[in-house]
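Summary of structural features
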Amino acid sequence: RWSESAGQAPSPRPEGAPAVRRPGGGGRGRPGPSRRHGGALNRRRWPPPPASERGAGSPMAENAEMASLEESFRKFAIYGDTKATGQEMNGKNWAKLCKDCKVTDGKSVTSTDVDIVFSKVKGKTARVINYEEFKKALEELAPKRFKDKSKEEAYEAICQLVAGKEPINVGVTVSEEPLGCWEQE
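About the thresholds
- Residues numbered from 1 in each chain as written.
- Predicted model: local features only at pLDDT ≥ 70, side-chain atom pairs only at ≥ 80, totals over all residues.
- Heavy atoms only, no water.
- Phe/Tyr/Trp six-rings, centres within 6.5 Å; stacked < 30°, edge-to-face > 60°.
- Helix = DSSP H or I, 4+ residues; strand = E, 2+ residues; numbered from the N terminus.
- Buried < 20%, exposed > 50% of the residue type's maximum accessible area, 1.4 Å probe, protein only.
- Contact = heavy atoms within 4.5 Å.
- Arc of directions from axis to C-beta.
- Core = buried A, V, L, I, M, F, W, Y, C linked by side-chain atoms within 4.5 Å.
- Expected span 1.5 Å × (residues − 1).
- Polar contact = N/O pair within 3.5 Å; in protein donor to acceptor, adjacent residues only side chain to side chain.
- Disulfide = S-S within 2.5 Å.

Time to look at the packing of aromatic side chains. The description of an aromatic ring pair rests on the distance of the ring centres and on the angle between the ring planes. Going through the model one piece at a time under the given rule, you end up with four aromatic pairs. Summarising the aromatic geometry, the rings of Phe 73 and Phe 134 are spaced 5.0 Å apart at their centres and angled 50° between planes, so their arrangement reads as tilted. Of this pair, Phe 73 sits in helix H2 (residues 60-78) while Phe 134 sits in helix H5 (residues 131-145), and the two are 61 residues apart along the sequence. Phe 73 sits in the buried class, given a relative accessible area of 0%.

Spelled out as structure tokens, the structure:
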């Protein structure tokens, strides 16, 4: 019914009844625990537990190689992003890592292969990969890159390509002395 005196539509709730709040905030700019707004449903698995809790009991040389592999992952993960933590890598930086470390050779491993492997190892709705998924991606590419080696040897070889490397800055030149436009003689 329309209120003839005010000319307004009736309120959807009875007069004097309290406003109903939805659980989790919801509606009209009040973010609740939703995936979109980073609430309680968006808990990350990072940082990972320390190596001692992950069951790392391998020989020292392999541990050192894995440490340098992880360091390379972190360096490429933060490349070009000032807000990056180094815990997750996007597809662009994954492609750069593969190109800079010569994982892609243009014949047996192409940039398309690199993109396909990235899509395969990441989560269904994710746009980034973590270190564990990164290792899986290298494992996927290894037999393709080193066809003449066994799966384990190929993985070790691909890890050696990546370990200890950092992003190459193309087109960045460092001048030896300032241009001097502010200097007076």
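Moving on: the environment of Met 89. Note that Met 89 resides in strand S1 (residues 89-90). Residue classification places Met 89 among the buried residues on the basis of a relative accessible area of 0%. Between the C-alpha atom of Met 89 and that of Tyr 131, which follows or precedes it by 42 residues, the distance is 8.2 Å. Apart from residues no more than four positions distant in its own chain, Met 89 is found in contact with Phe 73, Phe 76, Ala 77, Trp 94, Leu 97, Phe 118, Val 128 and Ile 129.

The complete set of buried residues in helix H4 (residues 111-121) reads Asp 113, Val 114, Val 117, Phe 118 and Val 121. Within H4, the buried residues cover an arc of 135° as seen down the axis, which keeps them to one side. The secondary structure elements touched by the buried residues of H4 are S1, helix H3 (91-100), strand S2 (128-129) and H5.

We now examine the nonpolar core. Core analysis: the largest hydrophobic core is formed by 29 residues, its most contacted members being Trp 94, Leu 97, Phe 134 and Leu 141. Every element with two or more residues in this core is listed here: H2, H3, H4, H5 and helix H6 (151-162). Aside from chain neighbours lying at most four places away, what touches Phe 134 is Leu 69, Phe 73, Trp 94, Leu 97, Ile 129 and Val 162.

Right, let's talk about H5 for a bit. Quick reminder: α-helices carry 3.6 residues per turn. Residues three or four places apart thus point the same way. Over its 15 residues, H5 extends 20 Å from the first C-alpha to the last, a length consistent with the 21 Å expected when each residue adds 1.5 Å. Burial in H5 covers these residues: Tyr 131, Glu 133, Phe 134, Lys 135, Ala 137, Leu 138, Leu 141 and Ala 142. Between the side-chain oxygen of the N-cap and the backbone nitrogen of Glu 132 there are 3.1 Å, and the N-cap of H5 in question is Asn 130.

We now examine the state of the cysteines. Applying the stated rule across the entire model yields zero disulfides. Between Cys 101, a free cysteine, and Cys 98, which holds the nearest cysteine sulfur, the sulfur-to-sulfur gap is 7.7 Å. Among the residues examined, Cys 101 registers a relative accessible area of 2% and is labelled buried.

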